[in-house]
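Notes for the structure review
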Amino acid sequence: MAGDPSGPRTVNSRRIDWHDVGMTATLITVAPTGAEHDKADLPQLPTTLEELVETARRCEAAGAAMIHLHIRDAEHRPTLDTGRLSAAVEAIRSETDLIVQLSTGGSVHDPLETRLTVLDAEPDSCSLTCGTTNFGDDVFLNPMGFMSDLYVQAQEREVVPEFELFELGHVAALARLIERHGLPFGGKVHVDFVTGVPGAMPGTTAALLAGVAMLPPEVTSWSATGIGRTHLPIMAAALSAGGHLRVGMEDNIMYARGQQVQHNDELVARAAEFAALMQRPAMSTSEARELLGIKDRRAR
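So, how was this worked out
Residues numbered from 1 in each chain as written. Predicted model: local features only at pLDDT ≥ 70, side-chain atom pairs only at ≥ 80, totals over all residues. Heavy atoms only, no water. 1 Å grid on protein atoms, 1.4 Å probe; cavity = no way out; pocket = protein on both sides within 12 Å on 5 of 7 lines; lining within 4 Å. Points joined across faces, edges and corners; volume = space filled by probe spheres on them. Nonpolar A, V, L, I, M, F, W, Y, C, P; charged D, E, K, R; others polar. Helix = DSSP H or I, 4+ residues; strand = E, 2+ residues; numbered from the N terminus. Pairing = 2+ DSSP bridges. Axes fitted to C-alpha atoms, helices over the stretch in contact; angles between N-to-C directions. Contact = heavy atoms within 4.5 Å. Buried < 20%, exposed > 50% of the residue type's maximum accessible area, 1.4 Å probe, protein only. Arc of directions from axis to C-beta. Disulfide = S-S within 2.5 Å. Salt bridge = Lys/Arg side-chain N within 4 Å of Asp/Glu carboxyl O.

1. A word on empty space enclosed by the protein
In total, this model carries two cavities of 30 Å³ or more according to the counting rule given. Estimates place the volume of the largest cavity at around 60 Å³. The wall of the largest cavity is formed by Leu69, His70, Ile71, Pro78, Thr79, Leu80, Leu85, Leu102, Ser103 and Gly106. When the residues that make up the lining of the largest cavity are grouped by side-chain class, the tally is six nonpolar, four polar and no charged. By volume, the second largest cavity is sized at about 30 Å³. Taken together, Ala224, Thr225, Gly226, His231, Ile234, Met235, Leu245, Arg246 and Val247 form the lining of the second largest cavity. Taken together, the elements giving at least two residues each to the lining of the second largest cavity come down to β13 (221-226), α8 (231-240) and β14 (244-247). For the lining of the second largest cavity, the residue count by class is five nonpolar, three polar and one charged.

Quick look at the structure:
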């Protein structure tokens with residue numbers, strides 16, 4: 001593929017044209033909590049199981065098809081406790097039709113071996129960050145050995161990874177993983193560009209489209225996240241270039257200047273409205289499961 005991110009590409013013997021992709025529905029993922037915000041400073045942040053389930057219901061109704069989860073403990077601190085992760089997956093799966101994706105990043109302070117245990121909670125999907133990156137004043141560690149272990153374990157457990165790209169170099173690392181281990185479970189490759197993190201890829205249209213132009217041919221869909229004030233520009237750029245969207249209070253706690261987000265469904269509803277205006281309405285959960293190759297773990 002040449003430098004034009006909207007030109008035709010060949011993927012798994014199929015031609016994909018991002019102009020055609022741009023006419024399809026939009027996958028909206030909500031990331032409601034994250035690991036960085038303090039509940040004491042942001043009381044409306046959903047941190048308890050009850051709050052997460054209520055958030056999932058309202059965000060599904062507003063147009064989300066997938067939820068990206070970080071879990072907190074009884075003191076509202078980030079945790080990777082398997083019991084709490086499993087309870088959240090089970091509760092949201094029983095109360096909604098959302099695709100449940102667990103973060104394997106946790107907090108930047110979580111050890112690598114603990115982050116691998118996230119898959120024990122049997123999510124539909126998991127995040128897989130494709131490299132180490134500066135994360136504000138901290139470092140988010142993702143060495144190649146850890147990425148490979150997570151990739152293979154996700155294949156074995158039939159969990160669909162979402163490849164999170166914080167830097168342009170992460171695109172090259174993704175290509176290495178695919179070359180080394182083959183396609184992930186489900187046969188689809190979905191990536192999310194996380195832009196605007198201090199110290200990492202800026203939340204600009206130019207940076208996003210540079211990353212899209214570099215995507216390996218195996219990629220079948222991509223989304224984008226803009227942190228903080230880059231939230232709206234990245235949303236517009238992604239929709240216009242054929243991408244999908246991730247929104248939520250993990251990434252952005254301001255709805256507008258001087259107006260704090262009160263509930264995640266506000267961000268989902270705005271994303272769905274914007275997508276509809278762009279003639280790319282919010283994707284249903286069944287469409288999203290097909291797009292991503294998700295195994296059906298729902299109770300019958």
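2. Looking at the sheet that holds strand β11 (residues 160-165)
Sheets are built from strands paired through backbone hydrogen bonds, the pairs being either parallel or antiparallel. Around the barrel, eight strands lie side by side as β3-β4-β7-β8-β11-β12-β13-β14; this closed barrel has parallel pairing. Across this sheet, the average inter-strand angle for adjacent strands is 30°, counted without regard to direction. Packed on one face of the sheet, helix α9 (residues 264-277) meets β3 (28-30) and β14 and runs near 170° to β3.

3. Let's talk about helix α10 (residues 285-292)
Three or more residues of α10 are buried, namely Thr285, Ala288, Arg289 and Leu292. Seen along its axis, α10 keeps its buried residues to an arc of 100°; they face one direction. In the stretch just after α10, Gly293 is the one whose phi turns positive, near 75°.

4. So, the state of the cysteines
Taken as a whole, this structure holds zero disulfides when the rule is applied. Not part of a disulfide, Cys130 finds its nearest cysteine sulfur in Cys126, a span of 11 Å. Classification of Cys130 as buried rests on a relative accessible area of 1%.

5. What about the pattern of salt bridges?
Applying the stated criterion across every chain yields a total of 15 salt bridges. The salt bridge involving Glu54 is made with Arg58; its shortest N-O contact spans 3.0 Å. Taken together, the residues Glu54 and Arg58, both in helix α2 (residues 49-62) and four residues apart, mark about one turn of the helix. With its nearest N and O atoms 2.9 Å apart, the salt bridge here joins Asp265 to Arg58. Taken together, the residues span a long stretch of sequence, with Asp265 in helix α9 and Arg58 in helix α2 at a distance of 207 residues. Here the salt bridges do not stand alone but share partners, grouping Asp97, Arg289, Asp296 and Arg298 into one network.

Any functional reading would require information that these geometric values do not contain.
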